[in-house]
Amino acid sequence: LLKSGAPSHSRAEHRGRVAMDPAFLKDMLAATARKGQVASMPPDFETLMQLVQSLPPDAVANLMQEAACSGSTEQAPKATPADVRLSAGGGEDSAGGWNAVLERYCHRGLVREYGALAPDARSSLLKALQVVGEETLRQSMTSRLMAGDKGRSVRADSDCPLVKVLSRNVKTELCQEDVELLKRQVLPSWGVPKPRHIELFRHNMGVEHARKTTCSDGHFNMTSMTTNTTVAKPTERSGTRRDWSALAPVGAADLPLFAVATGRVLQGRLIVDPIVMIGVTTILEDDRGNIVQLGLYNALPGGATGQTAFEVASKTFPNGARIRIAEPYLKIFRDGNRGVRVDDPADLRVELDRQLEVQRDLASAKEEGNKLFGKRQFHAAAAEYRRALRECAQDVAVLLSNRAQALLKEERWAPALQDAAAAALLNPGSGKSWQRYEAAAAGLGFPEVAKRSHVVRGGGVDAAPVPSLTMARAAMRFLLLDLLKFPTAVGGGDGQPQDLKDRGNRAYGGGRYSEAQRLYSMALSALGVAEDAAIVLSNLAQSSLQIGALHDAVAAAAASLRLRSSGKAVHRLARAVALLGECELADELLGLALSGPEEQIRSGSTSALALSREEVQKAMAPRSRDAREFYMVACSGALGTIILDWCASDALEVVDMGTKGRGIRATRSIGQHELLMV
């Protein structure tokens, strides 16, 4: 702030006037914002003043001192050969000249760090530096031209190392003002770790700014959105199947720059509210008290925009949530901050503090999901239904798990697995439910399914082996047909749910397993939330269908049917099975539902089920289509879009598109009448 262009005063005088004279503070902040030094965002004087004045006096003084240092117009000292040898591993030609820019204009500490990096990490750092240089230049040129400064600019010095490298990709004439912005305000502080209070101050400013730049129609103001996807975690390490229990902890201060922390896990607690733009930005405090910025991409359900995205992010990554990141990748972001970028949701684990969760009844939570579904934000609706079930239906999960155990004692493997699967869906962290699922799968003669559940129960879901297609199809067929042939009998009766549960526990303890099953079923019937849970599960199945999460749809619909018979749940189950390519099984499921008692599928569902069966049977009819016809049918969303033989994975590849980030392209020519589906 001292270098912002405001009148020159001593640091002590600044500190006193901040506390006494808001108008003086406003003038300082205005000058700073005009120079683009405040959190890389447009000026918002009212918010800035509120945030600064809310800080303790010592924090204000530290903030001003830090800004004075990082915003200095003096050129950063040049590193000496003793500090670092930038030419090692390649000269100007191999690094595109950006290594010379790094040495001359960036902070000496970053230059030293660069010298100690591995060749791949050096290349990534220079690529990130190139992106920030070129994008900052383009933004500065655009702002200047829009302000009408085109005729008053001074041509940049062509002998300047920075001008030389910028001229390679920016084909317009460079002006000195734009280059000076980079040399004096951006590069000296780029990649330099910020003190804790500066990081938190900047983030809180960003939260307020992001909220205010959400347009009235609920969408983002696109001018405020920027991201740099060029430098990301190497694709060969992203999404790798792993055993989380085998990862060793690593602190934020020990993460290597532009390198994957192989075999390590970063864990800590979120200490701020999230910012939502293209991804989610938040700050993690690790178990040692160090903080690091997080950039989380692909972490929110698709379709959530504007205010909805903020609400979903606040529930998904709330202040206080505990975070685990597998094999973290530390980089320097577009704004110059260091942070961990996560592109693959499989690398992320979020554990919500139960005391922080807002307790809601399941009926109201269901309505929130229904509103999102009505807006066609199906990913967000599915996430809301899932969150509601895990917040409000834990009593249902316990009763289902207990009933599964009683069924195991009588070796009724199929219904035991169905109950255990439903319980695990409602409460994935329940070891007992997974243990009972494993025992039931083994009893049914599906060892590959049992082995997978055993690994999942141990916390290694990403490393769990996938059963063979033959066994998976056999298991699904047997279990789903059994589900409709022998529907759940939820009996009524007098008594409170807790009393019925306790009686069931005593019956189980006395070896009266059939009586225990009956009492647990009665407890579920008496538990009002169980009816709502069945509806929410059915709605979750419908949302999953809309986003193509077909296995999720099967699981949710089957769990719903373990709580009550429902024509809608059967319809959604059969549709998901058909879209998985199992048309004959879907036809059998619908036939069983239509041949059963009317009360089992609820009134009004018979005609819908009959129509679904007709669609499935049409899809089963042998026919051939060329690519164009198939594409038109696929766009219509009809059941006839079922296809079993998808394009081989080796026909697509992920490629680096330079400053545009990563993209997908075909590895071979696409022939006439051939459709390549991504």
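This is a predicted model, so every value here is computed, not measured.

Calculation criteria
- Residues numbered from 1 in each chain as written.
- Predicted model: local features only at pLDDT ≥ 70, side-chain atom pairs only at ≥ 80, totals over all residues.
- Heavy atoms only, no water.
- Core = buried A, V, L, I, M, F, W, Y, C linked by side-chain atoms within 4.5 Å.
- Buried < 20%, exposed > 50% of the residue type's maximum accessible area, 1.4 Å probe, protein only.
- Contact = heavy atoms within 4.5 Å.
- Helix = DSSP H or I, 4+ residues; strand = E, 2+ residues; numbered from the N terminus.
- Polar contact = N/O pair within 3.5 Å; in protein donor to acceptor, adjacent residues only side chain to side chain.
- Phe/Tyr/Trp six-rings, centres within 6.5 Å; stacked < 30°, edge-to-face > 60°.
- Lys NZ or Arg CZ within 6 Å of the ring centre and 35° of its normal.
- Axes fitted to C-alpha atoms, helices over the stretch in contact; angles between N-to-C directions.
- Parallel < 35°, antiparallel > 145°, perpendicular 65-115°, else oblique.
- Pairing = 2+ DSSP bridges.
- pLDDT = per-residue confidence, 0-100.
- Left-handed = near helix turned anticlockwise from the far one by under 90°.
- Nonpolar A, V, L, I, M, F, W, Y, C, P; charged D, E, K, R; others polar.
- Expected span 1.5 Å × (residues − 1).
- Salt bridge = Lys/Arg side-chain N within 4 Å of Asp/Glu carboxyl O.

A. Region of interest: the nonpolar core. Formed by 67 residues in total, the largest nonpolar core has its most connected members in L389, V396, L480 and L573. Discounting residues that sit within four places of it in the chain, L573 has contacts with L480, L483, V554, A557, L561 and L589. L102, A156, V163 and L166 belong to the second-largest nonpolar core, a separate cluster that totals 62 residues.

B. Structural context of the environment of T316. Here T316 shows up in helix α12 (residues 306–316). Separated by 71 residues in the primary sequence, T316 and R387 place their C-alpha atoms 9.0 Å from one another. Within the structure, T316 has its side chain in polar contact with the backbone oxygen of V312 (distance 2.7 Å).

C. Highlighting the packing of aromatic side chains. Under the counting rule described, the total for this entry stands at three aromatic pairs. A centroid spacing of 4.9 Å and a plane angle of 65° characterise the contact between F373 and F378, whose relative ring orientation is edge-to-face. Since its relative accessible area comes to 10%, F378 is described here as buried. Geometry around Y114 places R122 over its ring, the cationic atom sitting 5.3 Å from the centre. In this arrangement the basic side chain of R341 is found over the ring face of Y297, its NZ or CZ atom lying 4.0 Å from the centre.

D. Spatial organisation of the side chain of S433. Tracing the backbone shows S433 in helix α17 (residues 431–444). Residue class for S433 comes out buried when judged on its relative accessible area of 2%. Side-chain polar atoms of S433 contact the side chain of S430, separated by 3.0 Å. Setting aside anything within four residues of it in sequence, one finds S433 in contact with S401, A420, A423 and A424.

E. Representation of the packing of helix α6 (residues 98–105) against helix α8 (residues 119–146) within the structure. Between α6 and α8, the least distance of the axes is 10 Å, while the angle of their chain directions is 80°. What the angle tells us is that α6 and α8 run roughly perpendicular. Between α6, through W98, N99 and L102, and α8, the contact on the second element is made entirely by L125, L126, L129, Q130, G133 and E134.

F. Just the pairing of strand β2 (residues 264–270), in detail. Burial analysis of β2 places five of its seven residues in the buried class, which makes it a mostly covered element. By the bridge criterion, two bridges tie strand β1 (residues 248–249) to β2 in an arrangement that is parallel. Looking at the pairing, P249 lines up with V265 of β2. Pairing analysis gives five bridges linking β2 to strand β6 (residues 322–326), with the strands arranged antiparallel. Bridged to V265 within β6 is A326. With three bridges joining them, β2 and strand β4 (residues 280–286) adopt antiparallel strand pairing. When the sheet's bridge partners are listed, G268 is paired in β4 with D286.

G. Up close: the confidence of the model for the protein. Of all residues in the protein, 69% attain a pLDDT of 70 or more, and the chain-wide mean is 76. Here residues 215–228 scores under 50 on pLDDT; set against residues more than four positions off or in separate chains, the count is 35 contacts.

H. The packing of helix α15 (residues 394–409) against helix α16 (residues 413–426), seen in detail. As a packed pair, α15 and α16 sit with axes 8 Å apart at the nearest point and diverge in direction by 160°. For the element pair α15 / α16, the angle class is roughly antiparallel. In this structure, α15 meets α16 at a crossing whose hand is left-handed. Of the residues in α16, those touching α15 at Q394, V396, A397, L400, S401, R403, A404, L407 and L408 are W413, P415, A416, D419, A420, A422, A423 and L426. Grouping the amino acids of the contact of α15 with α16 by side-chain chemistry returns 13 nonpolar, two polar and two charged.

I. Structural detail: α17. For α17, spanning 14 residues, the distance from its first C-alpha to its last is 20 Å, which sits close to the expected 20 Å at 1.5 Å a residue. Turning to α17, its buried residues number three or more, namely S433, W434, R436, Y437, E438, A440, A441 and L444. In this structure, the buried side of α17 is in contact with α15, α16, α18 (447–457) and α19 (469–485). Directly beyond the C-terminal end of α17, a positive phi value near 85° is found at G445.

J. Main features of unusual backbone geometry. Positive phi outside glycine occurs at F258, with the angle close to 55°. Residue F258 is classed as buried on the basis of its relative accessible area, which comes to 4%. In this structure, E327 is a non-glycine residue whose phi angle is positive, near 45°. Inspection of the secondary structure assignment puts E327 in the loop between β6 and β7 (330–332). Looking at E327, the relative accessible area reads 5%, which means it is buried.

K. Spatial organisation of the pairing of β6. Of all five residues making up β6, four are buried, and the element is well covered by its neighbours. The sheet contact formed by β6 and strand β9 (residues 348–351) spans four bridges and is antiparallel. Each bridged residue has a counterpart across the sheet, and for I325 the counterpart in β9 is L348.

L. Structural context of the pattern of salt bridges. A complete count under the given rule lists 19 salt bridges for this structure. For K315, the salt bridge is made with E384, and the minimal N-O distance between the two is 3.4 Å. Placement of the pair is K315 in helix α12 and E384 in helix α14 (residues 378–392), with a sequence separation of 69 residues. Since its relative accessible area comes to 3%, E384 is described here as buried. Through salt bridges with shared partners, a single network forms among K315, E368, E384 and R387.

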